Structure formats: C-alpha cells, structure tokens
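Notes for the structure review
Okay, here's what each chain looks like letter by letter:
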Amino acid sequence: MDFRLTDDQRALRQGIRELLEGRFGREELRAALGRAERRGGATDGKHPEGGQVLDRGLWRELGAAGFFALRLAEAEGGVGQGLPEAVLAFEEAGRVLLPGPLIATHLAAGAVAGAATGEVVVTSVGAGLVEWLDEADVVRGNAAGAEPLVSVDPLTPLHRLPASTDRRPGGGELRAPWPPDTLLASLLTAAEQLGSAARTCETAVQHARTREQFGQPIGAFQAVQHLCAGMLVRVEVARAAVYAASVTADPVDIAAARLLADEAAVRGARDCLQVHGGMGFTWESDVHLHLKRAWIRTHRAGEATQGEEELADDLVAGTV
C-alpha cells in the first residue's frame, strides 16, 4: 500500500489548517478558556448567566466547510470523501485543541438532521462518560442519571454515567466486536491525539531553539535533544499507524493506532513540559492544555485496556 498523501489530500489538509488557524487561533483559544473560567467552576458547560462556552458560530462555519459532512455521500448533501480524509481533518482539529463534541457530530451527519451543516450539536454516550452534555442539542445513547464532573480540561465539560453499559465484558468472557461507530470514534480520537502530539513536538523544538541558558540555546544540550527526538519518533510511528488504519479500517489496526497515538500525545505533552521547565505549567502556556486534553481523550471508547484486549485476542487467534 502507498500511504503517501495525494495532491487532493494535501490540499484538503492545508485548507482545513488555514480555516482553523484563522478561525480558532491562540486568541480564540484563550477567549474560549476565558468563557470557561467565567462559568465560575460550574461543570455543565455554561456560564452562570446562561451563556454558552461552545462557539455556535464556529460550529456552523465548520459545517459550511464540510467538516462534519466530509464522509457523507454527495447525493445526501455531503462532500463524498473517505475515512483517510476524515483522519486528516481531525488531525488538524487536534493541533489547535478545537473544543466540542466534534466526533459525535461528525458521526451523526446524515443520521441526525442538522448535524452535517453544524446547525445541531450532537454528543454521544461512551465509556461511562459524556462530553458536552448540557450544550448538546441531541444526545445519542442513554445519558439518564448522568452527573457532572469537574474536568481536568477546562474546555471539555464531562458527565459521568451512574453505570457504564457500553463496555465490552472482560475477565475472559466472550466479547462482541465493537460497533462500527465506536471503531470510527476511536480512530478519529487517535487522529486528534496525533495532531496534538505533532503540535507539542513542534512547540518543544521551537522553544529549545530560542530559549537560552548558560549562554547557548537549550537545544544544544544532549538531554533536551533526546527528549525532542523521542517526541518526533513517537509522532511519526503513530502517524504511520493512524494513516494505515484509516485505509484498512481493520479493528486490530485501529486498536494499535489508538494505543500509539495516545502514547504520543500524553508522553509528548509531558516531554514538552519538561523542555519548557516550570513555565510550561503556567496558565499562560498552552502546553498544559494539550496534556489535559490528551488525558481526557484517553478515556474515550477504545482506550488503552480495550485496545490491548483487541490486540491480545488477535494474537491468540494467530492472525498476526
């Protein structure tokens, strides 16, 4: 297989990057954080005055750009692209820490009226948690009894379900295959993690080039070089796995891609913090935001334990 991007795919990625950087750059990210702060510690995703943290205008712009309808057939009003193109789009969303239930709305395009155009915000129940429950217009799955949590990521309000019924049984029991939407959600989460990992790697390298200690850039020190090199290796290994899984759509490939992308995002953000030193933990820095979002994503459906079980089943079956 040839996993190199086509000219059309590169143009799509560049177009989405320009859209997101122009519409949700650092200034807009910080404005969203300000709205989250002003909700006074509430965990329902809303201001005490009744305002919303989620930018509905941006959501509609994403819909108009075809972000949510990317895989929807042209006959149904969509863009008519495939899973590899969707992975590229969500990778770019991960780079800029774009907030909101992006994956749930994308997967609802064609099934929920208004989801494809961004007029309707859709969230879904998964892995015992629900993101953006109070700001969603439509909830897919049973969220009855969900209770708000204080989220480590200020731009991902969470609710916990009283009992999770969407996990596959473990402990040696027979486990049914994951539903198609769950597999796609796991792969698109991996794409977001990949984008975040790439951004933190770039941020660390840039900081290592410009920050000086003892009369020279800190990137001249071998310990810092090793951190940055390790980040890059994890990013590129995860990228190969995520792109391959988007072509094969095989559950085992998706499980492997998710494991690698989760590791690249979490360890990459931690190493980026290490390169930045104490300033990486300050509110003014964006590095800690990538780490917090990466932590949240690791708890979505298809998380590490489930992916490891998928790979273990495949090994036992003798297919790898």
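See the structure above.
Below is a short write-up of the structure. (Residues numbered from 1 in each chain as written. Predicted model: local features only at pLDDT ≥ 70, side-chain atom pairs only at ≥ 80, totals over all residues. Heavy atoms only, no water.)

1. Looking at the overall build of the protein
Rules: Secondary structure elements follow DSSP: runs of H or I of four or more residues count as helices, runs of E of two or more count as strands, with numbering from the N terminus. Taken over C-alpha atoms, the radius of gyration is set against a globule rule of 2.2 Å times the number of residues to the power 0.38. Summary of the burial criterion: residues with accessible area below 20% of their type's maximum are buried, those above 50% are exposed, and those between are partly exposed, where the area comes from a 1.4 Å probe applied to protein chains only. Should any heavy atoms of two residues lie within 4.5 Å, those residues are considered in contact. Note on areas: Shrake-Rupley with a 1.4 Å probe; residue coverage comes only from the protein chains shown. Neither His nor the chain ends contribute to the count of charged residues, in which Lys and Arg are positive and Asp and Glu negative. We put the charge of a Lys on NZ, of an Arg on CZ, of an Asp on CG and of a Glu on CD.
Looking only at helices and strands, the protein has ten helices and seven strands in total. For 320 residues, the compact-globule estimate of 2.2 N^0.38 gives 20 Å, and the C-alpha radius of gyration of the protein, at 20 Å, lies within 12% of that figure. For the protein, the spread of C-alpha atoms along the principal axes amounts to about 60 × 60 × 45 Å. Residues counted as buried form 51% of the 320 residues belonging to the protein. Put simply, 67% of the contacts in the protein that link residues at least 6 apart link residues at least 24 apart. Here the protein displays about 14,700 Å² of accessible surface, and carbon together with sulfur accounts for 54% of that area. Charge centroids of the protein, computed over 32 positive and 44 negative side chains, lie 4 Å from each other.

2. A closer look at the sheet that holds strand β1 (residues 122-126)
Selection rule: Two strands form a pair only when DSSP identifies at least two bridges running between them. In this analysis, axes come from line fits to C-alpha atoms, helices being fitted only over the stretch in contact, and the angle between any two N-to-C directions falls in the range 0 to 180 degrees.
Read across the sheet, five strands follow the order β3-β1-β2-β5-β4 without closing on themselves; strand pairing throughout is mixed. Looking along the sheet, the strands with just one partner apiece sit at the ends: β3 (138-140) and β4 (147-149). When strand polarity is set aside, the average angle formed by the axes of neighbouring strands in this sheet is 30°.

3. Side note on the packing of helix α8 (residues 251-276) against helix α9 (residues 287-297)
Note the cut-off: These descriptions rest on fixed angle ranges, namely under 35 degrees for roughly parallel, over 145 for roughly antiparallel, 65 to 115 for roughly perpendicular, and the rest for oblique. By definition, turning the near helix anticlockwise from the far helix through less than a right angle yields a left-handed crossing, and turning it clockwise yields a right-handed one. Polar here means any residue outside two lists: the nonpolar Ala, Val, Leu, Ile, Met, Phe, Trp, Tyr, Cys and Pro, and the charged Asp, Glu, Lys and Arg; Gly therefore counts as polar.
Across the interface, α8 lies against α9 with an axial gap of 9 Å and an inter-helix angle of 155°. The orientation of α8 relative to α9 falls into the category roughly antiparallel. The handedness of the crossing between α8 and α9 comes out as left-handed. Within the contact between the two elements, α8 uses Arg258, Ala265, Val266, Ala269, Arg270, Cys272, Leu273 and His276 and α9 uses Val287, His288, His290, Leu291, Ala294, Trp295 and Arg297. Here the residues of the contact of α8 with α9 sort into nine nonpolar, three polar and three charged.

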